[in-house]
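# Close look at the chain arrangement
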Amino acid sequence: MTTTPAHGILADERKSEREELLGLLEKAYWMEIETVMSYIANSINPDGIRAQEIKESLDEDIQEELGHAQQFGQRIKELYGTVPGSLEFTAEQNYLQPPEQQVDIVHVIRGVIEAETGAIEHYNRIIEFCEGTDPVTQDMVIQILHDEEGHRRLFEGFLRECEAEGLA
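Let me begin by describing the structure that accompanies this report. Values in this document were obtained by computation on a predicted structure and should not be read as measured data.

Calculation notes
- Note on numbering: residues in each chain are counted from 1, in written sequence order.
- Totals for whole chains, interfaces and linings use all residues, but because this is a predicted model, local features are given only for residues with pLDDT of at least 70 and pairs of side-chain atoms are given and counted only at 80 or more.
- Side-chain calculation: all heavy atoms of the structure are included, whereas hydrogens and water are not.
- Salt bridges are counted wherever a side-chain nitrogen of Lys or Arg sits within 4 Å of a carboxyl oxygen of Asp or Glu.
- Any residue under 20% of the maximum accessible area for its type is buried, any over 50% is exposed, and the rest in between are partly exposed; the area is computed with a 1.4 Å probe on protein chains only.
- Counting from the N terminus, the helices are DSSP H or I runs at least four residues long and the strands are E runs at least two residues long.
- Nonpolar cores were defined as sets of buried Ala, Val, Leu, Ile, Met, Phe, Trp, Tyr and Cys residues, with membership established by side-chain atoms within 4.5 Å.
- The criterion used for residue contact is that any of the two residues' heavy atoms lie within 4.5 Å.

Where charged atoms of side chains with opposite charge meet at close range, the side chains can pair. Following the criterion strictly, the structure yields 7 salt bridges and no others. Between glutamate 17 and arginine 14 there is a salt bridge whose closest N-O contact spans 3.3 Å. For glutamate 17, a relative accessible area of 26% translates into the label partly exposed. We classify arginine 14 as partly exposed; its relative accessible area is 23%. We note a salt bridge from lysine 15 to glutamate 19, for which the minimum N-O separation is 3.9 Å. A residue pair is termed a helical-turn pair when its members lie 3 or 4 positions apart in one helix, as lysine 15 and glutamate 19 do in helix H1 (residues 15-44) at 4 residues. Residue class for lysine 15 comes out partly exposed when judged on its relative accessible area of 46%.

A separate point is the nonpolar core. Proteins that are soluble and globular tend to have nonpolar side chains buried together. Counting residues in each nonpolar core, the largest one holds 23 residues, and the members touching the most others are Leu21, Leu25, Phe72, Tyr123, Ile126 and Val141. Breaking this core down by element, the ones donating at least two residues are H1, helix H2 (51-78), helix H3 (105-130) and helix H4 (135-164). No other element matches H1, which puts 8 residues into this core. Contact partners of valine 141, with chain neighbours within four places excluded, come to Phe72, Tyr123, Ile126 and Ile127.

Structure (C-alpha cells):
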C-alpha cells in the first residue's frame, strides 16, 4: 500500500504543477544533451593555435554537461515522469553549429556564450517555479546554474581576449 505525501510537489493536489515542472525539466534535459553534441563537434573541428584552449575547455565541459543531463533525467524519474528517448529530440542550437571556416574560433566562443546564457535563463525559471513547492529540484538546479554561470564567464573572457587582439 502506498500513500502520497500531503505536501510538496508529490502531493496529489500538486499534480498539474508537477506536470508543468516535468515539462521544464525535460526541456533542460534536452538543452544539456544538445549542448553535449555541439560541444563534441566544437571540441574536435576548430583549427589553429588559438583553438587549442577552446577545444580543451569544451572537452572538459562535455562531461559536466552530460552529468547535468543525467541529473535532470534522474529528477524527472523521481517526479514520476519518463525520461524521453531520442525520437523526441528536436535540435534548437543553430548558434552552436560548426563554423564554415574551422579557424573561426570567435564563432564557437559566441555560440557557447549564447548556449550558456539560454541555460542560465531557463534554469532561473525553474528555480523560481520551484520556490515554496519543490526545494529538492530547486537545490539541484541552483547547483547546475552555478556551473553554467562559470562556463559563461570563462568564455566571456575568451571573447574579450579575442576582441583585444582584434579578432572579434
